[in-house]
Amino acid sequence: MATTLAPESPVRPDQPGHYNIGTIEFPFWTGGPGFTLAKISYPAEHDGWMAPADKTEDSYPSIVVAPATWTGSNMYDWFTDYVVRHGYIVFRYFPENILALDPHVHADTISDAIDKLIDIDDDRFNPLRGLIDKNAFAAVGVSLGGAGALLAAARDKRIRAVVGLAPGRNVKEVDLYERIDTEVRGVATPTLIVSGQNDKISPGSGIHYLNLVPKGYKAYVEISGGNHVQFLDPSDMDIHLPGLPRDGKPGISFAEQHAITNVHATAFLHAALKGYGYCESHVSGEDAAMALKNGRLSDLRSETGPLPLPFPAATGGVLGAAAAAVPAAASGNVLGAVTTVASAVVLRVNGLVRDAARGVDRLTTALEKRIVE
């Protein structure tokens, strides 16, 4: 039986969203050896470059997408377009080194991207000024980027949800991945892992990472007939990534694998970032169970909650978070209440530090100007 929606509910995650897609592209310096290229897609009044942002909502959650090895931001339009049309801002990037084999590179860049999004929210010349929800960031990664997204979620408490699409794991790098496993055990963020049944590039890694994530809200979705490389944009080629084993032959098309992934990932993000509890049906409820029963999924595992409470509006600050936490604590969701207040305090401290740094920059600039004059 399909999920029953309240009249005021938004578009279902298994239906196309209604937002148009605006884009901006720019050089992005992460503090590493140089600049890389970043692209942001966002809900807009019409499709196109630098299109005016759609201000139907006061603000939108943001997703940072970490690419797989040998790929960049241009390989994930299938996912980006879908979630933007459902009301998300998406930040994609080319890694500084597309040959890098250490997921920590992506963990660092994801946090740098969140910093950039926060700066953009204050940029008077950017169409996204004032529209970035600073309390609702997610990390999504593919293959090695998926492992990087999990690492970022363990390190960066601003990340409120993490999705790993066929998260990569190189068993030959024993020391590196023992360290990665230790870090992933520190993830305290709602987690969704999506894998393909015929994945031969990183077989079993999805379940491995799921088991490492501590008890909390986590889920695993395995797509029947899906493989590893079909988490990229469509291609007619039998892709063989250098240095990796050949992937398993898919039993479904790119389009089918993308469609299934989009439904479950969007539902998860809706529940974790927007507080649309009914969407959990596509992650751990009736709709997910039906997908397993009808053969669209070959495996489904979940451990439900509690999900962190949706943050109050930014103007609510710590006091608003405390007010939102009271009824949750009264109902028995003590962990959710504590998480909400603690996260709000961290965000407030981070904001004060950032504001102080900007004040110093402005003062320095003014002094330099006076000296020159």
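For the structure, see preceding data.
From a predicted model like this one, the values you see are computed outputs, not experimental measurements.

Enquirer: Can you walk me through the nonpolar core in this structure?
Expert: It is characteristic of soluble globular proteins that their nonpolar side chains tend to be buried jointly. Counting 50 residues, the largest nonpolar core has Ile-40, Tyr-42, Phe-91, Ile-110, Val-184 and Tyr-209 as the members making the most contacts within it. Counting 40 residues, the second-largest nonpolar core is a separate cluster that includes Ala-219, Phe-268, Leu-269 and Ala-272.

Enquirer: How should I be thinking about the environment of Ser-59 in this particular structure?
Expert: Relative to the elements of secondary structure, Ser-59 occurs in the loop between β3 (48-49) and β4 (60-66). Here Ser-59 falls in the partly exposed class, since its relative accessible area comes to 28%. Once the C-alpha coordinates of Ser-59 and Tyr-88 are considered, the two residues, 29 residues apart in sequence, prove to be 9.3 Å apart. Once residues lying within four places of it in the same chain are set aside, the contact partners of Ser-59 are Leu-131, Ile-132 and Asp-133.

Enquirer: What am I meant to see in the packing of helix α2 (residues 104-121) against helix α3 (residues 144-155) here?
Expert: The geometry of a pair of packed helices is captured by two quantities: the angle between their axes and the separation between those axes. Contact geometry of α2 with α3 gives a least axis separation of 7 Å together with a crossing angle of 55 degrees. Judged by the inter-axis angle, α2 sits oblique to α3. Between α2 and α3 the crossing geometry is right-handed. Between α2 and α3, the residues in contact are His-104, His-106, Ala-107, Asp-108 and Ile-110 and Leu-144, Gly-145, Gly-148, Ala-149, Leu-151, Ala-152 and Arg-155, respectively. For the contact of α2 with α3, the class distribution of residues is six nonpolar, four polar and two charged.

Enquirer: Explain α3 to me, please; I cannot follow it from the model alone.
Expert: In an α-helix, one full turn covers 3.6 residues, which means residues spaced three or four apart are oriented alike. Under the 1.5 Å per step criterion, the end-to-end length of α3 is 17 Å for 12 residues, consistent within 8% with the ideal 16 Å. Across the 12 residues that make up α3, a large majority, 11, are buried. If you check which residues of α3 are buried, you get Leu-144, Gly-145, Gly-146, Ala-147, Gly-148, Ala-149, Leu-150, Leu-151, Ala-152, Ala-153 and Ala-154.

Each value, and the rule that gives it
- Residues numbered from 1 in each chain as written.
- Predicted model: local features only at pLDDT ≥ 70, side-chain atom pairs only at ≥ 80, totals over all residues.
- Heavy atoms only, no water.
- Core = buried A, V, L, I, M, F, W, Y, C linked by side-chain atoms within 4.5 Å.
- Buried < 20%, exposed > 50% of the residue type's maximum accessible area, 1.4 Å probe, protein only.
- Helix = DSSP H or I, 4+ residues; strand = E, 2+ residues; numbered from the N terminus.
- Contact = heavy atoms within 4.5 Å.
- Axes fitted to C-alpha atoms, helices over the stretch in contact; angles between N-to-C directions.
- Parallel < 35°, antiparallel > 145°, perpendicular 65-115°, else oblique.
- Left-handed = near helix turned anticlockwise from the far one by under 90°.
- Nonpolar A, V, L, I, M, F, W, Y, C, P; charged D, E, K, R; others polar.
- Expected span 1.5 Å × (residues − 1).

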